[in-house]
Every structure is written in C-alpha cells, then in structure tokens.
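Summary of the model geometry
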Amino acid sequence: MNKNSPIGIFDSGVGGTSIWKEVEKLLPFEHTIYLADSINAPYGDKSADDIIALSIKNVDKLLSLKCKIIIVACNTATTNAISVLRNKYDIPIIGIEPAIKPAALQTNSKSIGILATKGTLSSALFSKTTKEFTKDINVVEIIGEGLVPLIEKGNLDGPEMMALLKKHIQPMIDANVDYLVLGCSHYPYIIPQLKMILPDNVKIIDSGEAVAKQTKTILQSLDLLREETSAPTLQFYTNAKTRTLEFLLKEYSKIITIEKKDF
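All of the points below concern the structure found in this document. (Residues numbered from 1 in each chain as written. Predicted model: local features only at pLDDT ≥ 70, side-chain atom pairs only at ≥ 80, totals over all residues. Heavy atoms only, no water.)

1. Here we look at the packing of helix α2 (residues 48-64) against helix α3 (residues 75-88)
Defined as follows: To obtain an axis, a line is fitted to C-alpha atoms, over the contacting stretch when the element is a helix, and the angle between two such axes runs from 0 to 180 degrees between their N-to-C directions. Per the convention used, a helix needs a DSSP run of H or I reaching at least four residues, while a strand needs a run of E reaching at least two, with both numbered from the N terminus. Roughly parallel covers angles under 35 degrees, roughly antiparallel covers those over 145, roughly perpendicular covers 65 to 115, and oblique covers all other angles. Left-handed describes a crossing whose near helix is turned anticlockwise from the far helix by less than a right angle; the clockwise case is right-handed. It only takes one pair of heavy atoms within 4.5 Å for two residues to be counted as in contact. In this classification, the charged set is Asp, Glu, Lys and Arg, the nonpolar set is Ala, Val, Leu, Ile, Met, Phe, Trp, Tyr, Cys and Pro, and all remaining amino acids, among them Gly, are polar.
Across the interface, α2 lies against α3 with an axial gap of 9 Å and an inter-helix angle of 60°. Classified by the angle between their axes, α2 and α3 sit oblique to one another. Crossing of α2 over α3 shows right-handed handedness. Residues Ala 48, Ile 51, Ile 52, Ser 55, Ile 56 and Val 59 of α2 form the contact with α3, whose own contacting residues are Thr 76, Ala 77, Asn 80, Ala 81, Val 84, Leu 85 and Lys 88. When the residues that make up the contact of α2 with α3 are grouped by side-chain class, the tally is nine nonpolar, three polar and one charged.

Okay, structure coming up:
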C-alpha cells in the first residue's frame, strides 16, 4: 500500500455510487476504483454464504488492482460479511450499516422506520445494533422488495417505482415515524420520490457522509492520504450494461471512466 494507490469500493450494483459521491466530495484528489457487481444484484435475496463468497470475490479483484483501502458500499454485504473480510485480509475494510443510532437518539415520536433489504434486516449484526440503540422505541422494519432491480435499470420515478414506494412506506406513516433510515446504498437515489410520499416532518438518514468521514480518518491515521493535487483517476467497472452507471454519474462524465468487465 502507498499513498498514491486507489480507494477500492464495491457494491451489489450501482447503488454504492451514492457512497462514492460522498467519498469523492470529501477526498477529491484520491484515485478510486468502483466495482458494480450488477450481474449478481440484489444481494439482499441471497444466502449469507453466497453474500460472503461474492464479497470475497470483489475484494480479491480490488486487491489485484492495488487498492489501499476497501469500502464495502453495500449494507447487505457489510452486515453479512464484514467480520469475515476483516479476518481474511490485512487491509483496512470499511463497512456501511443503517444509521439506526442517530435516528434512535433524535426521534421525538419514539417511532422510526427502516427501509432495507431482506439480507440486511435478517442479519445478526443488524439485530445486535437495533437492540442496542432502540430500547423503548418503535421500529418499523420494511423490506424494500423490488426497489433495487428498478434502480439498477435506472427506473427511479416511473409509476411502478411510485406504487412500490407507497406500499412500503404506508406502514411507517401509520406508525407516525419521524425518521426514515435508508438501509441500502441504492436507496439515496429515490430520496426525491420518498419525500413526495412522506409527511414533511419525517427526516431521511443515509450513511454515505459517515462512511466518507471514516475513510478519511483511517487514511489519515495510516498516513495514506494522497498528497498530489493533480486530477485523480476515477474508474468504474461493471459486469453488466453500463447504461445505468452512465445515467447516475452523468454529472461526472468528463472526469470518470466506465467500463464493462468480467469479475
């Protein structure tokens, strides 16, 4: 590992680009390599063993590309595989978990909603975190069934998406939640649609900024921050079609490269 090596990021598809955007904003001179494992999306419907195997495959690929730190930009992969990855590899590995703690500490209605994949909600790590921070708080857990495939297609605001969101969010509205925790890195892309459905008092929390800050903290502590101020290399690899990545990252089109690769 050296200071000029890239930050490696992977997700079950395009959703983790919401995390990448926060990292790029906070660390604008760092090289980055992003893997979109879209051919296997969503991870949330898979077994823990399959999620671990896919996560190991992705980390191996990023290490072969000489990454100095790995961000698991997938809630499902983090909650199911992070301990295995940290035990297996001698490299800093940062995970992403639903931001339950800040929601639990700030709620006034004592009722919070969590929208996540089945794989995240059923994991031992999620259960432990929830129990630790949500005593005396009503937690409405909703599996965002069908959302990731639509986002992977770039279908963010069509009638099918809006119908699904209304179905998923209504139990939270009925329970008077005042915080909605997004438990999947794909979901920040549908925040505008969620705001159309939720009451105005409901605050939406995702983990992107916190992950970026943690990445910077760890790189600083290891003296691995890139010191050069020349333009970094920003690479995106997908094992499916590039169209949705190009759509979600269109404002960065002049500074990034997107390529279809097998991995």
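2. Overview of unusual backbone geometry
Between Ala 41 and Pro 42 the backbone carries a cis peptide bond, its omega angle lying at -5°. Counting through the fold element by element, Pro 42 comes out in the loop between β2 (32-36) and α2. In this model, Asn 176 sits at a positive phi of 60°, which is unusual for a non-glycine residue. If you trace the backbone, Asn 176 turns up in the loop between α8 (159-174) and β7 (179-183). At Asp 223, a residue that is not glycine, the phi angle is positive and equals roughly 55°. Secondary-structure assignment places Asp 223 in the loop between α10 (208-221) and β9 (234-238).

Nothing here speaks to function; it is geometry throughout.
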